[in-house]
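# A closer look at the structure
Below, each chain spelled out in residue letters.
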Amino acid sequence: MPNRRNPIKYRRPIVAAALGTAVMHGCTGPAPRPEPPAPPATGVPTTPAPDPTTPPPTRPDAATVARLEALYRARADSALTGYHPADVHFMTGMIGHHAQALVMSGFAPENGASPTIRTLCARIINAQKDEIDIMQAWLRDRGEKVPEIHIADGRLMIHGPEHAHHMPGMLSAEQLEELRHARGTGFDRLFLEYMIMHHKGAVTMVLDLFATDGAAQDDFVFKLASDIQADQGSGIKRMELMLVELGGSR
């Protein structure tokens, strides 16, 4: 069987046969080179043969593996301990802040909200539920107090640090009751007004975090806060346009 890993050796019988044919027919010039095989009809590229001169991959020695594992463990430990008290304050406060947004958005189906507002509320609920879970896990992994939220019949209970109840942009009990009893277009307009205010409060929380010396050095905290700032900022612009379409605020 020809050696397919050596293209020169593999072609030698073909070239010899071609030269023999040329001599038999009295040709004085070199025999024409055989045409390469046509590519497969399927159009799938063929896999080239491995290069025998390429050395196979080698596994690091035991000492190198141990050093890399130690470095990984050190970085993992640093991620759990290298955070600032302001990071904890931000996480616990944002959990309560997001939880109120869930309550506000949850009013839409029963209060005759328009399809556009109901879609907006569904997106807010999906995004902020996920972020609440992420922030709770971050606190839990570091042994910090984790705010637990309970929503029943449109009412929010937060068990945890007191400041989680009173962050920038959060609605008062009276404002929540006003939103709870609004209906139809009145609900749409009031929801947009209050959610714009709510989102602006979240942006303020991020800016306060970034302005704190030594805070948000943890990569995860920095990325989460940056994402919240970007998402809430774009949400404010979108809701302001929706409010204009409804004829502006009251």
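Residues numbered from 1 in each chain as written. Predicted model: local features only at pLDDT ≥ 70, side-chain atom pairs only at ≥ 80, totals over all residues. Heavy atoms only, no water.

Within the protein chain, the secondary structure is distributed over seven helices and two strands. Along the protein chain, helices and strands appear, N-terminal first, in the series α-α-α-α-β-β-α-α-α. Looking at the 250 residues of the protein chain, the share that counts as buried comes to 33%. Taking contacts inside the protein chain between residues at least 6 apart in sequence as the whole, the part at least 24 apart equals 73%. (Helix = DSSP H or I, 4+ residues; strand = E, 2+ residues; numbered from the N terminus. Buried < 20%, exposed > 50% of the residue type's maximum accessible area, 1.4 Å probe, protein only. Contact = heavy atoms within 4.5 Å.)

Walk down a regular strand and you will see the side chains alternate between the two sheet faces. Sheet topology note: the strand β1 (residues 148–152)/strand β2 (residues 155–159) ladder contains five bridges and is antiparallel. Paired with I149 across the strands is I158, a residue of β2. Linking β1 to β2, which pair antiparallel, is a turn of two residues; within it D153 sits at a positive phi near 55°. (Pairing = 2+ DSSP bridges.)

Between helix α4 (residues 115–141) and helix α7 (residues 219–245), the shortest axis-to-axis distance is 13 Å and the interhelical angle comes to 165°. Here α4 is positioned roughly antiparallel relative to α7, judged by the angle of their axes. For the pair α4 and α7, the sense of crossing is left-handed. In this structure, α4 uses T116, I117, L120, Q128, E131, I134, M135 and W138 to contact α7, whose residues at the interface are F220, V221, L224, I228, D231, Q232, R238, M239 and M242. Class assignment for the residues of the contact of α4 with α7 results in 11 nonpolar, three polar and three charged. (Axes fitted to C-alpha atoms, helices over the stretch in contact; angles between N-to-C directions. Parallel < 35°, antiparallel > 145°, perpendicular 65-115°, else oblique. Left-handed = near helix turned anticlockwise from the far one by under 90°. Nonpolar A, V, L, I, M, F, W, Y, C, P; charged D, E, K, R; others polar.)

In this structure, N126 sits in helix α4. We classify N126 as exposed; its relative accessible area is 51%. Taking the C-alpha atoms as reference points, N126 and L102, 24 residues apart in sequence, are found 9.0 Å from one another.

Here the focus is helix α5 (residues 173–181). Listing the buried residues of α5 in full gives L176, L179 and R180. When α5 is viewed along its axis, its buried side chains cluster within an angular range of 105° and face the same direction. Pointing more than 90 degrees away from the buried face of α5 are the exposed residues E174 and H181. Where α5 is buried, its residues contact α3 (85–106), β2 and α6 (184–211). (Arc of directions from axis to C-beta.)

Attention now moves to the confidence of the model for the protein chain. Regions with low pLDDT should not have their predicted coordinates read in detail. Within the protein chain, residue pLDDT values average 81, and 70% of them lie at 70 or more. Segment residues 1–29 is flagged for pLDDT under 50; beyond a separation of four residues in sequence, or across chains, it makes 11 contacts in the model. (pLDDT = per-residue confidence, 0-100.)

Membership of the largest hydrophobic core comes to 26 residues, with the highest contact counts inside it found for M104, I117, L179, F187, F191 and L192. Residue assignment for this core shows that the elements contributing at least two residues are α3, α4, α5, α6 and α7. When residues in this core are grouped by element, the largest group, eight residues, is from α6. Look past the residues within four positions of L179 in its chain and what remains in contact with it is M104, F107, N111, F187, L190, F191 and Y194. Ranked by size, the runner-up nonpolar core spans 25 residues in total, among them L102, M205, V221 and L224. (Core = buried A, V, L, I, M, F, W, Y, C linked by side-chain atoms within 4.5 Å.)

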